[in-house]
Amino acid sequence: MQSSWTVYIIETEDGLLYTGISTDPERRLLEHRQGARGARFFAGRTPRAIVHREPGLTRSNALRREYQIKSLSRAEKLALIEGCLPVCPDPATENSA
């Protein structure tokens, strides 16, 4: 059975946005806060909270969606967080056009 992956966005105390994937976003947030296994992005920054999540993906689809989100502008990411953009297009159908 495949694990269910989640794409998440964390906001830092200074308002920056970080996008990642995990099978357990809450554990990953804790790792980012503790620093030992966290992303280098958080060196000198404090993760505040998970502000957006898209659960229920395969690892492959989660990686594709992470790339899509990382390609968005800050304004587009904020619109996604606020629910003004589609949450998760099906990556399998995007390449069929």
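None of the values given here were measured: they were computed from a predicted structure.

Student: How do you make sense of helix H1 (residues 25-34) when you look at a structure like this?
Tutor: In an α-helix, one turn spans 3.6 residues; hence positions three or four apart end up facing the same way. Buried within H1 are the following residues: Pro25, Arg28, Leu29, Glu31 and His32. An end-on view of H1 places all buried positions within 160° of arc, on one side of the element. Two residues or fewer after H1 comes Gly35, characterised by a positive phi angle close to 90°.

Student: Teacher, can you tell me more about the pattern of salt bridges here?
Tutor: When the charged atoms of two side chains lie near each other, side chains of opposite charge can form a pair. In total, this model carries six salt bridges according to the counting rule given. A salt bridge links Arg48 to Glu11, with the shortest nitrogen-to-oxygen separation between them at 2.5 Å. Placement of the pair is Arg48 in strand S3 (residues 47-57) and Glu11 in strand S1 (residues 5-12), with a sequence separation of 37 residues. Glu66 is the salt-bridge partner of Lys70, the closest N and O atoms lying 3.2 Å from each other. Taken together, the positions of Lys70 and Glu66, both in helix H2 (residues 59-70) and four residues apart, correspond to about one turn of that helix. Residue classification places Lys70 among the partly exposed residues on the basis of a relative accessible area of 44%.

Student: Hey, could you run me through H2 in this one?
Tutor: Helix length check: H2, at 12 residues, gives a terminal C-alpha distance of 16 Å against a target of 16 Å (1.5 Å per residue), a fit within 8%. Every buried residue belonging to H2 is among Asn61, Ala62, Arg65, Glu66, Gln68 and Ile69, and all of these are buried. Projection of H2 onto a plane perpendicular to its axis shows the buried side chains occupying an angular sector of 160°, all on one side.

Student: What is the right way to read the sheet that holds strand S2 (residues 17-22) from this model?
Tutor: Remark on secondary structure: sheet strands pair via backbone hydrogen bonds, oriented parallel or antiparallel. Overall, antiparallel pairing links the three strands, which are arranged S2-S1-S3 in an open sheet. The open sheet is flanked by S2 and S3, the only strands paired with a single partner. Across this sheet, the average inter-strand angle for adjacent strands is 20°, counted without regard to direction. Summarising the sheet, S1 and S2 pair through six bridges and their orientation is antiparallel. Across the sheet, the residue bridging to Glu11 is Leu17, located in S2. Running over the sheet, H1 touches S1, S2 and S3 and is turned about 150° from S3.

Student: What exactly am I supposed to notice about the nonpolar core here?
Tutor: A general trend in soluble globular proteins is that nonpolar side chains are found buried together. Grouped together as the largest cluster of nonpolar side chains are nine residues: Trp5, Val7, Ile9, Leu17, Ile21, Leu57, Ala62, Ile69 and Leu80. Taken together, the elements giving at least two residues each to this core come down to S1, S2 and H2. At three residues, S1 tops the list of elements feeding residues into this core.

What counts and what doesn't
- Residues numbered from 1 in each chain as written.
- Predicted model: local features only at pLDDT ≥ 70, side-chain atom pairs only at ≥ 80, totals over all residues.
- Heavy atoms only, no water.
- Buried < 20%, exposed > 50% of the residue type's maximum accessible area, 1.4 Å probe, protein only.
- Helix = DSSP H or I, 4+ residues; strand = E, 2+ residues; numbered from the N terminus.
- Arc of directions from axis to C-beta.
- Salt bridge = Lys/Arg side-chain N within 4 Å of Asp/Glu carboxyl O.
- Expected span 1.5 Å × (residues − 1).
- Pairing = 2+ DSSP bridges.
- Axes fitted to C-alpha atoms, helices over the stretch in contact; angles between N-to-C directions.
- Contact = heavy atoms within 4.5 Å.
- Core = buried A, V, L, I, M, F, W, Y, C linked by side-chain atoms within 4.5 Å.

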